[in-house]
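# Residue-level structure breakdown
Read off the chains here:
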Amino acid sequence: MSSQTTQSNEATERAGAVARFLVAMVLFVGGMVAFGWAFTVESNHALIFSAGLVMVTLGCFVPMAGRDR
């Protein structure tokens, strides 16, 4: 394999890692916000809290599922 192809693969892996991190961070922080927001709204407390729980769970799962090695 050529050196240029190897460097391209490494750059692609790094870009994917950064993208996974950003998505995971947005999901995690958004889920935490949803937890707090669930207690301030007038209705749908359980739905908003459950959505926050799913977002936090996905935020923790995305980095683990991103790499197969």
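Residues numbered from 1 in each chain as written. Predicted model: local features only at pLDDT ≥ 70, side-chain atom pairs only at ≥ 80, totals over all residues. Heavy atoms only, no water.

### Quick look at the overall build of the protein
What counts here: Strands are runs of DSSP state E lasting at least two residues, helices are runs of H or I lasting at least four, and both sets are numbered from the N terminus onward. The classification of residues rests on relative accessible area computed with a 1.4 Å probe and restricted to protein chains. Under 20% of the type maximum is buried, over 50% is exposed, and intermediate values are partly exposed. Contacts are assigned to residue pairs that have any heavy atoms within 4.5 Å of one another. What sets the accessible areas is the Shrake-Rupley method with a 1.4 Å probe; for residues, cover comes only from the shown protein chains.
Scanning the protein from terminus to terminus reveals two helices and zero strands. Considering the protein as a whole, with its 69 residues, one finds that 16% of them fall into the buried category. Contacts in the protein between residues far apart in sequence, at least 24 positions, make up 59% of those at least 6 positions apart. Here the protein has roughly 5300 Å² of accessible surface; of this, 69% comes from carbon and sulfur atoms.

### Some thoughts on the UniProt feature "transmembrane region" (unreviewed entry) in the protein
Using the following cut-off: UniProt positions are given in the numbering used here, feature names are shortened, and annotations may be inferred rather than shown by experiment.
Following the UniProt record, one finds the feature "transmembrane region" (unreviewed entry) at residues 21–40 and 46–66. Along residues 21–40 the backbone is 90% helical and 0% strand, and the end-to-end C-alpha distance reaches 29 Å.

### Examining the environment of L58
Tracing the sequence through the fold places L58 in helix 2 (residues 45–65). In the structure, L58 is positioned 30 residues away from F28 in sequence and 7.6 Å away in space, judged by C-alpha atoms.

### A word on the packing of aromatic side chains
Threshold: Side-chain rings of Phe, Tyr and Trp, where Trp is taken by its six-membered ring, are said to pair if the distance between their centres is within 6.5 Å; with planes under 30 degrees apart they count as stacked, over 60 as edge-to-face, and otherwise as tilted.
For the coordinates displayed, the defined rule picks out two aromatic pairs. Judged by centre distance (4.8 Å) and plane angle (35 degrees), the ring pair of F35 and F49 falls under tilted. With a gap of 14 residues between them, F35 in helix 1 (residues 3–38) and F49 in helix 2 connect regions that are remote in the sequence. On the basis of relative accessible area, F35 is assigned to the buried category, the value being 18%. Centre to centre, the rings of F39 and F49 are 6.0 Å apart; their planes meet at 70 degrees, and the pair counts as edge-to-face. Here F39, found in the loop between helix 1 and helix 2, pairs with F49, found in helix 2; they are ten residues apart in sequence, far enough to count as distant. In this structure an aromatic cluster arises from ring pairing among F35, F39 and F49.

### A word on unusual backbone geometry
One non-glycine residue, N44, lies in positive phi territory at about 60 degrees. Residue placement: N44 occurs in the loop between helix 1 and helix 2.

### What about helix 2?
The test is simple: In a helix, the anticipated span is given by 1.5 Å times the number of residues less one.
A rise of 1.5 Å per residue sets the reference length of helix 2, with its 21 residues, at 30 Å; its end C-alpha atoms lie 30 Å apart and thus fit the reference within 8%. Residues of helix 2 that are buried: I48, G52, V56, G59 and V62.

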